[in-house]
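Residues per chain, in single letters:
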Amino acid sequence: MKFGSVVISGAKPNAKLVQANVERSTEALEQVTAKLAKPGVSLRPKKGVPRFSIAENEAGVFIRRLDGRTERGRLVNGVFEVID
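Here's what I pulled together on the structure shown here. (Residues numbered from 1 in each chain as written. Predicted model: local features only at pLDDT ≥ 70, side-chain atom pairs only at ≥ 80, totals over all residues. Heavy atoms only, no water.)

Quick look at the pairing of strand 6 (residues 79–82) now. Bridge analysis of strand 5 (residues 69–76) against strand 6 gives four bridges, and the strand direction is antiparallel. In the sheet register, V76 faces strand 6, and the bridge partner there is V79. The turn linking strand 5 back onto strand 6 is made up of two residues, and N77 within it adopts a positive phi angle of 55°. (Pairing = 2+ DSSP bridges. Helix = DSSP H or I, 4+ residues; strand = E, 2+ residues; numbered from the N terminus.)

Okay, here's the thing in structure tokens:
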């Protein structure tokens, strides 16, 4: 194989090794495809890390979940302010 002025040479892999790698890559692709085909994401809660979502039918209102508490609020100058 040649890249510009660099030449890389090596022994050709045997057919058995190539077939084994094809099977392994096919299995890996099937696993990735199954994960990518499933819609949505899963976020695990971590202590001290808030999770935000949008309040449906309420413009500008967000829901914050933090350490077992759920609060509604707005972002004012980039800071979450509770409204309830």
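Now, onward.
Between its first and last C-alpha, helix 1 (residues 15–37) extends 32 Å over 23 residues, near the 33 Å set by a 1.5 Å rise per residue. At the N-terminal end of helix 1, a side-chain oxygen is found 3.2 Å from the backbone nitrogen of K16, two or three residues along, and the residue is N14. (Expected span 1.5 Å × (residues − 1). Polar contact = N/O pair within 3.5 Å; in protein donor to acceptor, adjacent residues only side chain to side chain.)

So, on to the sheet that holds strand 3 (residues 51–54). Strand order across the open sheet formed by four strands is 3-4-5-6, with antiparallel pairing between neighbours. Two strands bound the open sheet, and with one partner strand each, they are strand 3 and strand 6. Pairs of neighbouring strands in the sheet enclose a mean axial angle of 45°, with direction left out of account. (Axes fitted to C-alpha atoms, helices over the stretch in contact; angles between N-to-C directions.)

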